[in-house]
Each structure stands twice: as C-alpha cells, then as structure tokens.
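As a plain string of letters, each chain reads:
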Amino acid sequence: MATNFESYSYYYNLLYKDKDYLGETLYIQDLFNRYKVKPKSILDLGCGTGNHSICLAQQGFYVHGVDLKQNNAS
C-alpha cells in the first residue's frame, strides 16, 4: 500500500510533468552569476521528487536534497 507521500508525489509529478525544471535551475545559476556567488554545494530543502536537484547536479553543483517522507515500515 502506498504511503501518503508516495501518493502525493505521483500526483505532483502528474500535475507538473511540463514544468520547466531546467529553466528554473538556469535562472538560479544566473542569479549566482549576477551576484558573483560561487557555491560549491547546494542544500535543497523540501526537494520533493528531486527534479530541481537533478538539474542542478547536471550543471555541476554538489546537491544534497532533503524532504520529509512518511515511511510505514512493516
């Protein structure tokens, strides 16, 4: 049986399947460049399904994603 989080993540991905994750992360990188910030790592709090984290990692950042997940261990 799926947990509440697993059900939510399924519908989140369904609703946002056309979301421009790459465009949003390029915008973040543009902000870093504009303000002359050169982070070596990024902490993605509330990373959800991790799509932003994946894009940021593909741009060369070390990313640590954290999200609350309900886990019903048997």
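Quick look at the structure, then. (Residues numbered from 1 in each chain as written. Predicted model: local features only at pLDDT ≥ 70, side-chain atom pairs only at ≥ 80, totals over all residues. Heavy atoms only, no water.)

Section: the overall build of the chain
Cut-off, in case you're wondering: Numbering of helices and strands starts at the N terminus; helices are DSSP runs of H or I of at least 4 residues and strands are runs of E of at least 2. We call a residue buried when its accessible area falls under 20% of the maximum for its residue type, exposed when it is over 50%, and partly exposed in between, using a 1.4 Å probe and counting protein chains only. Whether two residues are in contact is decided by their heavy atoms, any of which lying within 4.5 Å being enough.
Summing up its helical and strand segments, the chain has 3 helices and 2 strands in all. Ordered by position from the N terminus, the helices and strands of the chain form the series α-α-β-α-β. Looking at the 74 residues of the chain, the share that counts as buried comes to 20%. The long-range share in the chain, meaning contacts at least 24 apart out of those at least 6 apart in sequence, stands at 46%.

Details of the pattern of salt bridges
Close approach of charged atoms allows side chains with opposite charge to pair. In plain terms, the rule: For salt bridges, the criterion is a side-chain nitrogen of Lys or Arg within 4 Å of an Asp or Glu carboxyl oxygen.
Per the stated rule, a full pass over the model turns up 2 salt bridges. Here Lys-19 ties to Glu-24 by a salt bridge, and the two come within 3.3 Å at their closest N and O atoms. Relative accessible area serves as the criterion here: at 27%, Lys-19 is assigned to the partly exposed category. Among the residues examined, Glu-24 registers a relative accessible area of 31% and is labelled partly exposed. Between Arg-34 and Asp-30 there is a salt bridge whose closest N-O contact spans 2.9 Å. Placement of both Arg-34 and Asp-30 in helix H2 (residues 21–34) is noted, with a separation of 4 residues, approximately one turn of the helix. Classification of Arg-34 by relative accessible area gives partly exposed; the value is 48%.

A look at the side chain of Asp-44
Defined as follows: Neither His nor the chain termini are counted; the positive set is Lys and Arg, and the negative set is Asp and Glu.
With respect to the helices and strands, Asp-44 occurs in strand S1 (residues 41–45). Look at Asp-44: it is buried, it has no salt bridge, and the nearest opposite charge is Lys-19 at 11 Å. Not counting chain neighbours up to four residues away, the residues in contact with Asp-44 comprise His-52, Ser-53, Val-63, His-64, Gly-65 and Val-66.

By themselves these figures say nothing about function.
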